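Report on the structure
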Amino acid sequence: MADNSFSDGVPADSGEAAKNAGSTGQLAAGETQLEGSPAEKLTDQVMQNPQVLAALQERLDNVSHTPSSYIETLPRAVKRRINALKQLQVRCAHIEAKFYEEVHDLERKYAALYQPLFDKRREFITGDVEPTDAESEWHSENEEEDKLAGDMKNKVVIAEKAAAGEPDPRGIPEFWFTIFRNVDMLSELVQEYDEPILKHLQDIKVKFSDPGQPMSFVLEFHFEPNDYFTNPVLTKTYKMKSEPDKADPFSFEGPEIVDCDGCTIDWKKGRNVTVKTIKKKQKHKGRGTVRTITKQVPNESFFNFFNPLKASGDGESLDEDSEFTLASDFEIGHFFRERIVPRAVLYFTGEAIEDDDNFEEGEEGEEEELEGDEEGEEEDDAEVNPKKESSQPAECKQQ
């Protein structure tokens, strides 16, 4: 027997009541029920309850206005033509994939043109080459004022250096480390014990895959000789895919990073910052004696970047934390390639960071202004019509 209990005149389950109401209506149209049956009483109660009627009407409205429900109402011949359009869309996605492969070839071509400039950048940073006066000249927006102020400042600095005998540092000290410190996405990865190592970082390069090879790019981190590891270069390879997914071809939006491989870091004895040694007490079950053992456990460090999580390739899905870790890794790799390496000096000075912040603030401001305009229009309409109502890799080994 149906439960007809009410609380404050509202059925205990208005959704269930609405369903029962629909079925009751069908029975009433085709059959004669005994007067006073539970179904008939429920129908009367539902019809007298405005909240249930409103919920039922809203549900019917939603069903009738969804795109999928509209497609279902179309004649079979029209649905057949829509399927033909979907086949054309899949072919478009495959053509778009080829377009992005050619874009990758263009990136490779222009990377070769950029590289001599990046090599010279490294020489200036390391101090291997001193820029000429012409190469050092820079015109700012307030050129005249800066020139006068700069001349005065240079005279003072030169005089102070002469008096103090201050040495001229080689190159631009801690260039890349300063970038790590300036960029939030990177500084969050860097621990205090990573900092002395990153001060030995001399260059970061991007290398694209060779023609005919699967789409990928390699980040190369070049270090000067240091007390932590023997590798002159640490690498991270990001594998990319530019083809529609067979199961969901319409989701294709261009090349995406699908996996990454790190490298083996040859740590010097006792210098591996990616692990830490802990002491643990163990009690013998039989004798009750206690002994202390030491074991190594993973330690948070930027250098875990070179020992990345592998994307699942056996069809098994990763857990939520692993998915997030992998997505963050891909985002960092993309940021190095697209922003940090091409515009390093602007991240060193902070100008690129200010530009990014201003752009984000501008977008928010624009949104607020548009909202304000909409409100203004509504107010104007209200004045005209007062009755109008206002209406979101293979896993690397660390040694």
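Before reading further, recall that the structure is shown in the block above.
Below is a short write-up of the structure.

Rules and cut-offs
- Residues numbered from 1 in each chain as written.
- Predicted model: local features only at pLDDT ≥ 70, side-chain atom pairs only at ≥ 80, totals over all residues.
- Heavy atoms only, no water.
- Pairing = 2+ DSSP bridges.
- Helix = DSSP H or I, 4+ residues; strand = E, 2+ residues; numbered from the N terminus.
- Axes fitted to C-alpha atoms, helices over the stretch in contact; angles between N-to-C directions.
- Contact = heavy atoms within 4.5 Å.
- Phe/Tyr/Trp six-rings, centres within 6.5 Å; stacked < 30°, edge-to-face > 60°.
- Buried < 20%, exposed > 50% of the residue type's maximum accessible area, 1.4 Å probe, protein only.
- Lys NZ or Arg CZ within 6 Å of the ring centre and 35° of its normal.
- 1 Å grid on protein atoms, 1.4 Å probe; cavity = no way out; pocket = protein on both sides within 12 Å on 5 of 7 lines; lining within 4 Å.
- Points joined across faces, edges and corners; volume = space filled by probe spheres on them.
- Nonpolar A, V, L, I, M, F, W, Y, C, P; charged D, E, K, R; others polar.

What follows deals with the sheet that holds strand E6 (residues 256–261). Judged by pairing direction, the sheet is antiparallel, and its four strands sit side by side in the order E3-E4-E5-E6 without closing on themselves. The open sheet is flanked by strand E3 (201–208) and E6, the only strands paired with a single partner. Ignoring strand direction, the axes of neighbouring strands in this sheet form an average angle of 20 degrees. The sheet contact formed by strand E4 (residues 216–223) and strand E5 (residues 233–241) spans seven bridges and is antiparallel. Considered in E5, the bridge of Phe 221 is made with Leu 234. In the packing of helix H5 (residues 76–126) onto the sheet, the strands contacted are E3 and E4, and the crossing angle to E3 comes to about 170 degrees. Here helix H11 (residues 320–340) sits on the sheet in contact with E3, E4, E5 and E6, set at roughly 75 degrees to E4.

Looking now at the packing of aromatic side chains. Aromatic rings considered in pairs are described by the distance between their centres and by the relative angle of their planes. Taken as a whole and judged by the stated rule, the model has 24 aromatic pairs. Residues Phe 175 and Phe 348 carry aromatic rings whose centres are separated by 4.8 Å and whose planes lie at 20 degrees to one another, so their mutual orientation is stacked. One end of the pair, Phe 175, is in helix H8 (residues 175–182); the other, Phe 348, is in helix H12 (residues 344–349), with 173 residues separating them in the sequence. By relative accessible area, which is 4% here, Phe 175 ends up buried. Taking the relative accessible area as the measure of exposure, Phe 348 reaches 24% and is therefore partly exposed. Every member of this aromatic cluster is reached through a ring pair, and the members are Phe 180, Phe 221, Phe 223, Phe 229, Trp 267, Phe 302, Phe 303, Phe 305, Phe 306 and Phe 336. One Lys or Arg, Lys 236, reaches over the ring of Phe 305 and ends 3.5 Å from the middle of that ring.

Computed from the structure, the second largest pocket encloses a volume of approximately 500 Å³. Around the second largest pocket, the lining comprises 18 residues; the ones closest to its centre are Leu 189, Thr 325, Ser 328, Asp 329 and Ile 332. Among the elements that make up the lining of the second largest pocket, the one with the highest residue count is H11 (six residues). In terms of residue class, the lining of the second largest pocket is built from eight nonpolar, six polar and four charged.

When a strand is regular, its side chains alternate between the sheet's two faces. For E4, the tally of buried residues reaches eight of eight residues, placing the bulk of the element in the interior. Side-chain alternation along E4 places Ser 216, Val 218, Glu 220 and His 222 on one buried face and Phe 217, Leu 219, Phe 221 and Phe 223 on a second face that is also buried. Inspection of the sheet shows E3 paired to E4 by seven bridges, in the antiparallel sense. Across the sheet, Lys 205 pairs through a bridge with Glu 220, a residue of E4.

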